[in-house]
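# Observations on the model geometry
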Amino acid sequence: MAGGNERSMKALKEVWKRAENSLCADCGKPDPDWASSTLGVFICLSCSGIHRNIPSISKVKSLKMDYWDDAQVQFLAKHGNAVTKAIYEAHIPIYYYQPTYNDCQVLREQWIRAKYERKEFTEPGKQLPYSDGVKEGILWKRGRDNGQFLPRKFLLSEREGCLKYFTKQDAKEPKINVKIDVINATFQPEKIGNPNGLQITYLKDNKTRNIFVYHESGKEVVDWFNAIRSVQFHYLKVAFPIASDNEIKNRLTRNFLKEGYMEKTGPKQREAFKKRWFTLDHRRLMYFKDPLDAFAKGEVFVGSGENGYSVQKGLPSGTQGNFSWHYGITIVTPDREYLFTCETETDQLEWIRAFTSVINQAMTPQEYASKCLDAVSF
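In this numbering scheme, every chain counts its residues from 1 along its sequence in written order. Totals for whole chains, interfaces and linings use all residues, but because this is a predicted model, local features are given only for residues with pLDDT of at least 70 and pairs of side-chain atoms are given and counted only at 80 or more. Here the side-chain values reflect all heavy atoms present in the structure, with hydrogen atoms and water set aside.

This part is about the UniProt feature "domain: PH" (unreviewed entry) in the chain. Within this structure's numbering, the places UniProt gives as "domain: PH" (unreviewed entry) are residues 132-233 and 255-360. The distance separating the terminal C-alpha atoms of residues 132-233 is 12 Å; by composition the span is 20% helix and 46% strand. Counted over residues 255-360, helix gives 14% and strand 38%. Its end C-alpha atoms are 19 Å apart. UniProt positions are given in the numbering used here, feature names are shortened, and annotations may be inferred rather than shown by experiment. Secondary structure elements are taken from DSSP: a helix is a run of H or I of four residues or more, a strand is a run of E of two residues or more, and numbering for both begins at the N terminus.

Listed below in structure tokens is the structure:
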């Protein structure tokens, strides 16, 4: 018996060591140490917890702590991540967002359920709830003035190329009508205080507006997210006919590069530093009095190094404004310097890395055009 167990463990390790099984089959995290004995995939601890919630589809076991019999090991050897992905990920729409281990729970859970439970990607041309170019339904939206979440009707239309929402179910005219090409959507469960929280941003008069929504159903909110990406993808295919699918895919929704609190001073650099919430959305650095504000108090464009932008650790000597945080950052632009302080050295270094990643990238023609932001209020 002991010999058989030793033989099974040796065979298990051989399968486990295959290159195809070195990353989690669902989120890509390195060195997965769990596996599904019914699906034949190697997964990380976090994804194994999601699999455990769909026991009719997936039975998970630890590769280190649990016993695997010969039949189970042979099943893993016959399948593995490559074979199983070829079945369950055969026909993923180009616009569908495939989450990584850095993404929030609702995105990863619905990705796993879409693959194995609903089998959304196993057949070509399958009708999906986010693929027909129109989506209508209720989302709970945060009020701009009172902060309360109230049900609002939303309508997404590929034909009209826009996203609308209505304050009343029977309203004829929308409260807001936003063109699809200026929309971004990103999951913000911690900021919104709901595991299914979604932040929708759009540009109006070259300024950023935020809408915060959620839905009780994780599936429904992720369907909305992918419906937005689907409509954007088809809009951009028409707008940029010579662009490749991957080029267009990279222009769909994006996560913010960095968010968090810093202190800032005004343009004269003699004002007291004030604590504000900052969002770096590629080349837009915005600040808000509250993380859930609908409008930014100010925005500044962060260009490239070859155009005179740089980030420096610390503040200029002789800085006069009073500040309570002591880890300074200076953003140098062709027009002026912007001064910030962070609460900890870790925050300081993370912000500097984020700014550096933007500044090191060459600017596109579209970014040159958007450079004319009014940053006076910063």
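There is more to say, and it comes next.
Next up on the list: the packing of helix H2 (residues 45-52) against helix H5 (residues 105-117). For helices, the fitted axis covers only the stretch in contact; all axes are lines through C-alpha atoms, and the angles between them, taken along N-to-C directions, range from 0 to 180 degrees. Where H2 meets H5, the closest approach of the two axes is 10 Å, and the angle between their N-to-C directions is 55°. The angle between H2 and H5 places the two elements in the oblique class. For the pair H2 and H5, the sense of crossing is right-handed. Where H2 abuts H5, its residues Ser-46, Cys-47, Ile-50 and His-51 lie against Gln-105, Arg-108, Glu-109, Ile-112 and Tyr-116. In the scheme used here, Gly and all other residues not listed as nonpolar or charged are polar, with Ala, Val, Leu, Ile, Met, Phe, Trp, Tyr, Cys and Pro taken as nonpolar and Asp, Glu, Lys and Arg as charged. Taken together, the residues of the contact of H2 with H5 break down into four nonpolar, three polar and two charged. For classification purposes, an angle smaller than 35 degrees is called roughly parallel, one larger than 145 roughly antiparallel, one from 65 to 115 roughly perpendicular, and anything else oblique. Left-handed describes a crossing in which the near helix is turned anticlockwise from the far one by less than a right angle; the clockwise case is right-handed. In what follows, residue pairs with any heavy atoms lying within 4.5 Å of each other are defined as contacts.

Here the focus is the sheet that holds strand S10 (residues 207-214). Read across the open sheet, the seven strands follow the order S7-S6-S5-S4-S10-S9-S8; overall the sheet is antiparallel. Only two strands of the sheet have a single partner each, and these edge strands are strand S7 (176-179) and strand S8 (183-187). Within this sheet the neighbouring strands show an average axis-to-axis angle of 35°, counted without direction. DSSP-based pairing: two strands are paired if at least 2 bridges between them are found. Direction of pairing for strand S5 (residues 149-157) relative to strand S6 (residues 162-166): antiparallel, over a ladder of five bridges. Bridged to Lys-153 within S6 is Phe-166.

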